[in-house]
Amino acid sequence: MRQKVLILPYFVDDSDVRVICVKNKKHNEWTFISGGKDTHETIFETFKRELKEETLGILDLDRIDSSLNLDISYQEFISTFIDRSERKKWDIKKEDTYSTKYHIFAFNCAPLGVIENFKKDFRQRSKTFQGSVIENKDMDVFTLQELQTKKTWYFIREVILKNFKIIDTLKRIGCIFT
């Protein structure tokens, strides 16, 4: 079974929870920070690697002061959803059942700094990475309701944001206030 992480660093702003999202360079769509587990990694190592890679090192847990004591929430679920591009990539027939275990990590990143600085740093770093392989071209924060109005990755839009079980999970781990 394939394993992937979904990472939701968030801020609480006027009682709204705003999640840091990245804009995928190839598809020009907003998405949560995410990625697949390499065979040699633990899930926590995948979480740290993807967070660092997809934010161009701005959110690097290995460089964060341990005295900040980030409270990282964790939940997992299994999905049998596969979008068209994944079917082609993995040569999966429409009738095949293929499961992916998703590991959701959420944490309040307010102790790490101001989101406006994150966005500015990301945009500056993405300019210096020209020619290098980077997956994302922008970073911003949205409430989950705002994210529904954006051009988002199909999986986020159709599976995550419309799935009441997953939304309940996000509420339990503190990413959404009830």
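Per chain, residues are indexed from 1 in the order of the written sequence. Local features in a predicted model are, by the rule used here, given only for residues with pLDDT of at least 70; side-chain atom pairs are given and counted only at 80 or more, and totals for whole chains, interfaces and linings are based on all residues. With hydrogens and water stripped out, all remaining heavy atoms of the structure feed into the side-chain values.

K.L.:
Quick question: what am I supposed to make of the overall build of the protein here?
P.N.:
Along the backbone of the protein there are six helices and seven strands. When each of the 178 residues of the protein is scored for burial, the buried share is 48%. For the protein, long-range pairs separated by at least 24 residues make up 70% of all intrachain contacts whose partners lie at least 6 apart in sequence. We count a stretch as a helix when DSSP gives it H or I for four or more residues in a row; a strand needs E for two or more, and each element gets its number in order from the N terminus. Classification of residues uses two cut-offs on accessible area relative to the type maximum, computed with a 1.4 Å probe and protein chains only: under 20% is buried, over 50% is exposed, and between them is partly exposed. Note on definitions: a residue-residue contact is assigned when non-hydrogen atoms from the two residues lie within 4.5 Å.

K.L.:
Would you take a moment to explain the packing of aromatic side chains for this structure?
P.N.:
By convention here, two paired aromatic rings are described through the distance between centres and the angle between planes. When the centres of two rings from Phe, Tyr and Trp lie within 6.5 Å, Trp using its six-membered ring, the rings pair. Their planes under 30 degrees apart give stacked, over 60 give edge-to-face, and anything left gives tilted. Under the definition given, this model contains seven aromatic pairs. Taking the centre distance of 6.2 Å and the plane angle of 80 degrees together, the rings of phenylalanine 47 and phenylalanine 107 count as edge-to-face. Of the two residues, phenylalanine 47 sits in helix 1 (residues 43-54) while phenylalanine 107 sits in strand 6 (residues 100-108), which places them 60 residues apart along the sequence. Grouping residues by exposure puts phenylalanine 47 and phenylalanine 107 together as buried. One aromatic cluster is present, built from ring pairs that chain together Phe44, Phe47, Tyr74, Phe105 and Phe107.

K.L.:
Mind showing me how you'd approach the pattern of salt bridges here?
P.N.:
It is possible for side chains of opposite charge to pair when their charged atoms get near one another. Think of a salt bridge as a Lys or Arg side-chain nitrogen and an Asp or Glu carboxyl oxygen that are within 4 Å of each other. Scanning all chains against the criterion turns up 10 salt bridges. Ionic pairing is found between lysine 48 and aspartate 62, a salt bridge with its closest N-O pair at 2.9 Å. Highlighted residues: lysine 48 in helix 1 and aspartate 62 in the loop between helix 1 and strand 5 (72-79), separated in sequence by 14 residues. Residue classification places aspartate 62 among the exposed residues on the basis of a relative accessible area of 59%. One salt-bridge network, held together by shared partners, links Asp38, Glu41, Arg49, Glu50 and Glu53.

K.L.:
I keep staring at helix 1 and nothing clicks. Help me out?
P.N.:
Its 12 residues place the ends of helix 1 16 Å apart at the C-alpha level, agreeing with the 16 Å of an ideal helix rising 1.5 Å per residue. All buried positions along helix 1 are accounted for by Ile43, Thr46, Phe47, Arg49, Glu50, Leu51 and Glu54. Directly beyond the C-terminal end of helix 1, a positive phi value near 55 degrees is found at leucine 56. In this scheme, a helix's expected span is set at 1.5 Å multiplied by one less than its residue total.

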